[in-house]
Each structure stands twice: as C-alpha cells, then as structure tokens.
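# Notes for the structure review
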Amino acid sequence: MKDRISSFRRIKASLLKRNAGNWREHTESQETALRAILNEVGFASACLVRDCKNGTFELIDGHLRADIAEDERVPCLILNVTKKEADKILATFDVVGTMAKTDQLALDRLIGTVSTESEALRNLLDSIKREKLEVQGMCEADDEAHLLVDSYRILINCENEAEQVALLKRFKKEGVTCRAWIS
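Residues numbered from 1 in each chain as written. Predicted model: local features only at pLDDT ≥ 70, side-chain atom pairs only at ≥ 80, totals over all residues. Heavy atoms only, no water.

### Overview of the nonpolar core
One finds Ile11, Ala13, Leu16, Cys47, Val49, Phe57, Leu59, Ala66, Ala69, Val74, Cys76 and Ile78 forming the largest nonpolar core, which totals 12 residues. Those elements that place two or more of their residues in this core are β2 (47–51), β3 (57–61), α2 (63–69) and β4 (73–79). When sequence neighbours within four positions are dropped, the list of residues in contact with Val74 reads Arg9, Arg10, Ile11, Ala13, Leu16, Phe43, Cys47 and Ala69. Of all hydrophobic cores here, the second largest spans 6 residues; its members include Leu48, Leu79, Ala86 and Leu90. (Core = buried A, V, L, I, M, F, W, Y, C linked by side-chain atoms within 4.5 Å. Buried < 20%, exposed > 50% of the residue type's maximum accessible area, 1.4 Å probe, protein only. Helix = DSSP H or I, 4+ residues; strand = E, 2+ residues; numbered from the N terminus. Contact = heavy atoms within 4.5 Å.)

Have a look at this one:
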C-alpha cells in the first residue's frame, strides 16, 4: 500500500483552506461536544490536508476542529494527493468509520471508566450509552428485505440519534412501518 503522508506540521487553523466539497454539516450539539473534548483532553487527532503546492493547504478532514481552533495552530498530516484523490478521501473517510458495528457491552464498560468535570461531555457520554441501545434494538429486527421491492419511501434527515429514536417511536406508535437507517 502507498503511504501518502508526506509530512506533519502544526498550521494556524485560520490559514487552512476549507474544502468546497465538504459534505458534512456540523450541528450545534456536535460542536458543543467537540469543544468539550478539546477543552478537556486537547487535540488527539490530526487534520488531513492536501498540499496545494502554492504555499496553501486544503482541508480534507478536520473542518470542525479547524473552525473551533480559529487562530491556534492545529496538528496536520500533509498528504501528497491530487485534488481528485482528495475528493475521494473526503467522500469516504468518515463513512468508512461509521461502517463499524458497535459492541455495546464494550462501549458501556468503556464509558463507565470515563470521568469528566464537563457537563457537555457527561451529557454526550450518557446519550451515547442510552441512544445506542435504543437504536441498536430497533435495528435488530426481522429481515425486512421485502420492504425494498415495489414500495414508496420517505427519508427523513435527523439532527441526531435522539431525534431519530423519538421519530421512530412516534411513527411505530401511529402504526407506520418504519426502521432506523444510519449512514
């Protein structure tokens, strides 16, 4: 496999060019949670950036971290990739991570070991523990592949898992056939 990381630098976040193709929309609750972890722990991951070869660097991953950091220098992995390769990474990087399954018992044990003074971080941890169980329980249902043939659907984008769970409960209570879709 190729190693496309050419260097590591700390770059002032405000100087990083935001990627016009960034498809992630960051919610207020996500920003609050990220601010809490950055304040309590600090940066534990580098932003991925493309060297534009003209003295500028374009973000591929880490837009919200860079927005929060503003004029601070942030850790950056400089990738030696073309614009097309950067777009491919941007389109798939977060998605591949979300494809992992959750070992709920391991997650619960891990969350049980985490202590924090931050109310925002404690709320995040509590919601992860509570909401994952509810969504996972709703996803572990009978095979509904038959629903994919000759049917009409509505896809509703939710702000977070709590909203998704609330809507699923409401629709099921109203007798609507529905299921969770996490992507």
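### Focus: the pattern of salt bridges
Counting across every chain of the model gives 10 salt bridges. For Arg18, the salt bridge goes to Asp67, with nearest N and O atoms at 2.9 Å. In this pair, Arg18 sits in the loop between β1 (5–12) and α1 (28–40) while Asp67 sits in helix α2, placing the two residues 49 residues apart along the sequence. The partly exposed category is assigned to Arg18, whose relative accessible area is 32%. Judged by its relative accessible area of 39%, Asp67 falls in the partly exposed class. A salt bridge links Lys83 to Glu58, with the nearest nitrogen and oxygen atoms 3.4 Å apart. (Salt bridge = Lys/Arg side-chain N within 4 Å of Asp/Glu carboxyl O.)

### Topic: the confidence of the model for the chain
Parts of the model with low pLDDT should not have their predicted coordinates read in detail. Overall, the predicted model of the chain reaches an average pLDDT of 85, with 87% of residues at or above 70. Summarising per-element confidence for the chain, the mean pLDDT is lowest in helix α5 (residues 119–139) (70) and highest in β3 (97). Contacts of residues 133–138 to residues separated by more than four positions or lying in other chains number 13 contacts, the stretch itself having pLDDT below 50. (pLDDT = per-residue confidence, 0-100.)

### Details of helix α3 (residues 83–98)
With 16 residues, α3 ought to run about 22 Å at 1.5 Å a step, and its terminal C-alpha atoms sit 24 Å apart, in line with that. Along its length, α3 shows its largest kink, about 35°, at Thr92. (Expected span 1.5 Å × (residues − 1). Bend = angle between axes of the 7 residues up to and from the residue.)

### Some points on the environment of Gln30
Along the polypeptide, Gln30 turns up in helix α1. Expressed as a C-alpha distance, the spacing of Gln30 and Leu64, which sit 34 residues apart in the sequence, is 9.1 Å. There is a polar contact of 2.9 Å between the side chain of Gln30 and the side chain of His26. (Polar contact = N/O pair within 3.5 Å; in protein donor to acceptor, adjacent residues only side chain to side chain.)

### Quick word on the pairing of β4
In terms of residue burial, β4 counts as a mostly covered element, since 5 of its 7 residues are buried. In this structure, β2 lies alongside β4, joined through 4 bridges in parallel fashion. Each bridged residue has a counterpart across the sheet, and for Cys47 the counterpart in β4 is Cys76. (Pairing = 2+ DSSP bridges.)

### Some remarks on the sheet that holds β1
In spatial order, the strands read β1-β4-β2-β3; together these 4 strands make up an open sheet with mixed pairing. The two strands at the open ends of the sheet, each matched to only one other strand, are β1 and β3. Each neighbouring strand pair of the sheet contributes to a mean axis angle of 40°, computed without reference to strand direction. In terms of strand pairing, β2 meets β3 through 4 bridges, oriented antiparallel. Its bridge partner lying in β3, Leu48 is registered against Asp61. Relative to β3, α3 is tilted by about 30°, and along the sheet it contacts β2, β3 and β4. (Axes fitted to C-alpha atoms, helices over the stretch in contact; angles between N-to-C directions.)

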